[in-house]
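Structural characterization, general
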Number of protein chains: 2
Amino acid sequence: MSALTTDLYQLTMAQGYWRNGRHLDRASFYLSIRHTPFDGGFAVAAGLEQVVEFLVDLRFEPEDIEYLRSLAGSDGRPLFARDFLEALPQLDLAVSLAAVPEGTAVFAREPLLRIEAPLLVGQLIETPVLNIFNFQTLVATKAARLCHIAAPGQPVLEFGLRRAQGFDGGLSASRAAYVGGCFATSNVEAGQRFGIPVRGTHAHSWVQAFDSEPEAFDAFAETMPNNCVLLVDTYDVERGIEHAIATARMLERRGQRLLGIRLDSGDLLLQSRAARRRLNEAGLEDVAIVVSDNLDEKKILALRRAGAAIDIWGVGTSLVTAAGAGALGGVYKLSAIRRCGEEWWRPVFKFGAGVGKASLPGRLQVRRYRGAAGGLERDVIHALDEGGEASGLDDPGGLDLLVPVLEEGRLLAPLPSLDAAREIAGREVASLPPALQDLEAHGPAPVEVTASLMEQCDRLAASHAPPARSA
Amino acid sequence: MSALTTDLYQLTMAQGYWRNGRHLDRASFYLSIRHTPFDGGFAVAAGLEQVVEFLVDLRFEPEDIEYLRSLAGSDGRPLFARDFLEALPQLDLAVSLAAVPEGTAVFAREPLLRIEAPLLVGQLIETPVLNIFNFQTLVATKAARLCHIAAPGQPVLEFGLRRAQGFDGGLSASRAAYVGGCFATSNVEAGQRFGIPVRGTHAHSWVQAFDSEPEAFDAFAETMPNNCVLLVDTYDVERGIEHAIATARMLERRGQRLLGIRLDSGDLLLQSRAARRRLNEAGLEDVAIVVSDNLDEKKILALRRAGAAIDIWGVGTSLVTAAGAGALGGVYKLSAIRRCGEEWWRPVFKFGAGVGKASLPGRLQVRRYRGAAGGLERDVIHALDEGGEASGLDDPGGLDLLVPVLEEGRLLAPLPSLDAAREIAGREVASLPPALQDLEAHGPAPVEVTASLMEQCDRLAASHAPPARSA
């Protein structure tokens, strides 16, 4: 990613703010989601580490400026002025950021990131910040749903790279899927970059490359005796299982063991039950049954309810492409401005005709209240007063949902590790009220807005239509 | 992307092939799609340039080998053997590739890429090749559908980066959307890297940052008089249009002109018609009406049929995330092997229980036949004989769909430019039979398989169940 990983209008507005002497106004933006995805009751925040890396590394390179210099407007003349392009690489791009920690369970409408920066900078980073946060949060949520259904004791493996939306659609999906609860990925680069456990054995083509399935199975077991899961459906599943049992015997004789078999097509319910019976008859109770084949929440739930004998679920396409949602409706809104030379923040507001298209005004924070047992009770969205203190809360308890992360570009403390984020996600989903955990019919989100913030909205809405222009 | 941008099982199989002395067997793989996406009658091939770049640059770096060395199996011992990891960076990774040119209209089941390489190499690249080709083809197809509905004379702008699936899900989507027919993107990095035209003006936040909408509009027009499209729905659309007209007057006095207004919410049919009337009354017939707001094929078709007054369609999320499909069911199958020391290719076959899960055997090619006016008539999938010549075709006319691109890693000729690919796509979609262009109810794909290839399939299917293992 680069400083040009953004929408052109962020740069045209940047020139506008700069030309109007407004670029150093202090601006407060917040990111929120319009709906929790997949018609579910919650989302799992993810992607903060990549947001922070992007913000800390942000700068304009000479070739970026050169490219912007080459752009022309409708009259063929340059789109960007020379003096602006000379000023752009000199600007201080540092931002302050408060954010929900990765793995936190969150809801629609509440601020999840608050970015305070010079107006020009806060605007410029809208697109990349949304890109990173939207997608990872979407996939972490999908993974949490899948793991919630598959649990307990039936881990979910992510292997979506081949059908992911671009290589980063695979790489960052593997990361987010791990935050959401998957135990491993097939994506080797994700393992290398993020330390996520990697898993994988062989494909149909391995079996095809040998003269017979028994020969292929034995050859695989010999080359990788400590990682042997055999795919049994290249030709005929029943025979494949018999061939896998024969290979298991060969491994036993060498003091190793067959880890599992994999089913990738056909009726997974009948096949898995038949396979379990046959493996048990053969004394191979500890050989796991792994399945794949376009699995998603519905298929896993149906297989579990019908009593399928499955130990590990491999989920690819539906997980990394977030099937059923495709995109998270994350939005990034300007909510307050402190103009250069002024002392006070002005709340700003966007009136919206569509659902969720109106914004909240002010410098925003969320207070999360939990019950005695740690269960999530409610979130209250509120504004900060001029001193930066909570304003309008009726209960001084609870904890701030948005935690300071960057102060003028400086990282305040190391971010939690990926494993810590994964633990948070597991704990958070478990702490939700049962009505919100239900993946098929969930209750309303426990999110409130303080009375004083609602009054502020009403005041600004009443004045939203500015006076008609005087000639 | 790196050599580790792949599934772990490609590497475990690589070690297996190497250990069994099979890694230098010559293998023929082909990529095909199981279904044309979006329930549509065609797909538009895209992504070949990135596939070629990946293949030409492919190599194992020392840190990749170091990472693989760190992986352990179920017994805690190394997953990969030291001798294999020493041999891996020394292997020749060159491949031969024949492919459909970007922009070509293609159908389910037919080979779209044919890769011939040492077995180990052909296997290793399966995942990244699928990742690149699947996603770009999916988005190019979506774009072609959107442009087909919006045409003629109503161009489609892509602006999906903020909700794309990762930054490459935005970048490569912008490229593929351009191949499919979009005229420009908002993604500045895509403009910089690929030379795609970029477009963009301002967001709601620009208007919010000023004391009034007229002040914001005038300020924008002054800073960017040759790129002024005003977003009129921040507060009230009717007032917004009046304010835009006033700004248009200001621009006229300076010898410039307002390019357009943008509507981003509410009833786009009523608003666009009212806006057109009002702009025309004001003598601003040439001010374009641009719309955005979660548009997709259905909404555009409904707005066009109802007589909306829209000049430019901005499409974001649904385009770059390929809403309605999410992933292309592209698969990569081993279809023939010539073992080391042998002279003949052996066709190989995978029996499949699920729809489209069976593969075709042999070294495959497709012959495309066109009518006198250039209209596409039929594609015939066939195998090459040992001399590499077409086998079993009943008509010697037509042209090969798969064109040689790489010969042992060497690029045979420069690839067509992005603009050439875009022209091909436009011509190809126009050349389809009307029944296949219909986006709502299309006819069957005009794809046949030669009788001799079908007989080969039957022979291999009859023998698919290998003999039971003799004790």
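Higher on the page you've got the structure.
What comes next is a walk through the structure. (Residues numbered from 1 in each chain as written. Chains lettered and ligands numbered in written order. Predicted model: local features only at pLDDT ≥ 70, side-chain atom pairs only at ≥ 80, totals over all residues. Heavy atoms only, no water.)

Right, let's get into the packing of aromatic side chains. For the coordinates displayed, the defined rule picks out 13 aromatic pairs over all chains. Measuring from centroid to centroid gives 4.9 Å for B:Phe29 and B:Tyr332, while their planes differ by 20°, and the two rings are stacked. Note that B:Phe29 is positioned in strand S1 (residues 26-33) and B:Tyr332 in strand S12 (residues 330-338), a separation of 303 residues in sequence. Accessibility classification places B:Phe29 together with B:Tyr332 in one group, the buried group. Centroid distance B:Phe80 to B:Phe84: 5.9 Å. Interplanar angle 25°. Geometry classified as stacked. Each member of the pair B:Phe80 and B:Phe84 is classed as buried. One aromatic cluster is present, built from ring pairs that chain together A:Tyr17, B:Trp206, B:Phe210 and B:Phe220. Over the ring of A:Tyr178 we find A:Arg422, and its NZ or CZ is 4.7 Å from the ring centre. (Phe/Tyr/Trp six-rings, centres within 6.5 Å; stacked < 30°, edge-to-face > 60°. Helix = DSSP H or I, 4+ residues; strand = E, 2+ residues; numbered from the N terminus. Buried < 20%, exposed > 50% of the residue type's maximum accessible area, 1.4 Å probe, protein only. Lys NZ or Arg CZ within 6 Å of the ring centre and 35° of its normal.)

After a rotation of 180° and a shift along the axis of 0.0 Å, chain A superposes on chain B with an RMSD of 0.0 Å. Classification of the inter-copy transformation places it as that of a two-fold axis. Same-surface contact between copies: 100% of interface residues of chain A are shared with the interface of chain B. (Least-squares fit on C-alpha atoms with pLDDT ≥ 70 in both. Contact = heavy atoms within 4.5 Å.)

Once that is clear, we can look at the sheet that holds strand S13 (residues 346-347) of chain B. Sheets are built from strands that pair by backbone hydrogen bonding, the pairs being arranged parallel or antiparallel. All names here are of chain B. Taken together, 7 strands build an open sheet; the order of strands is S13-S12-S1-S5-S3-S18-S19 and the sheet is antiparallel. Here the strands that pair on one side only, and so sit at the sheet edges, are S13 and strand S19 (410-411). Each of S1, strand S5 (113-118) and S12 is contacted by helix H6 (residues 126-150), which is oriented at about 140° to S12, the strand it contacts most. (Pairing = 2+ DSSP bridges. Axes fitted to C-alpha atoms, helices over the stretch in contact; angles between N-to-C directions.)

Before going further, it helps to examine the pattern of salt bridges. Under the definition given, this model contains 63 salt bridges over all chains. The shortest N-O distance in the salt bridge between B:Arg162 and A:Asp7 comes to 2.9 Å. Pair noted here: B:Arg162 is in the loop between strand S6 (156-158) and helix H7 (167-180) and A:Asp7 is in the segment before helix H1 (8-19), and the two residues belong to different chains. With respect to class, B:Arg162 is no different from A:Asp7; both count as buried. Close ionic contact of B:Glu242 with B:Arg278 constitutes a salt bridge, the shortest N to O distance being 2.6 Å. Residue B:Glu242 is located in helix H11 (residues 237-253), and its partner B:Arg278 is located in helix H12 (residues 268-281); the two are separated by 36 residues in the primary sequence. Residue B:Glu242 is classed as partly exposed on the basis of its relative accessible area of 33%. Bridged by salt links that share partners, the residues A:Glu110, A:Arg368, A:Arg370, A:Asp379 and A:Glu428 form one connected network. (Salt bridge = Lys/Arg side-chain N within 4 Å of Asp/Glu carboxyl O.)

With 120 residues of chain A in contact, the opposing surface of chain B contributes 121 residues. Summed over both sides, the interface between chain A and chain B buries roughly 9600 Å², with carbon and sulfur atoms accounting for 53% of that surface. Taken together, the links from chain A to chain B amount to 8 salt bridges. The tally of links between chain A and chain B comes to 66 residue pairs in polar contact (both at pLDDT 80 or more). With 10 residues, H1(A) is the largest single contributor of residues to the side of chain A that touches chain B. (Buried area = accessible area lost by both parts, 1.4 Å probe. Polar contact = N/O pair within 3.5 Å; in protein donor to acceptor, adjacent residues only side chain to side chain.)

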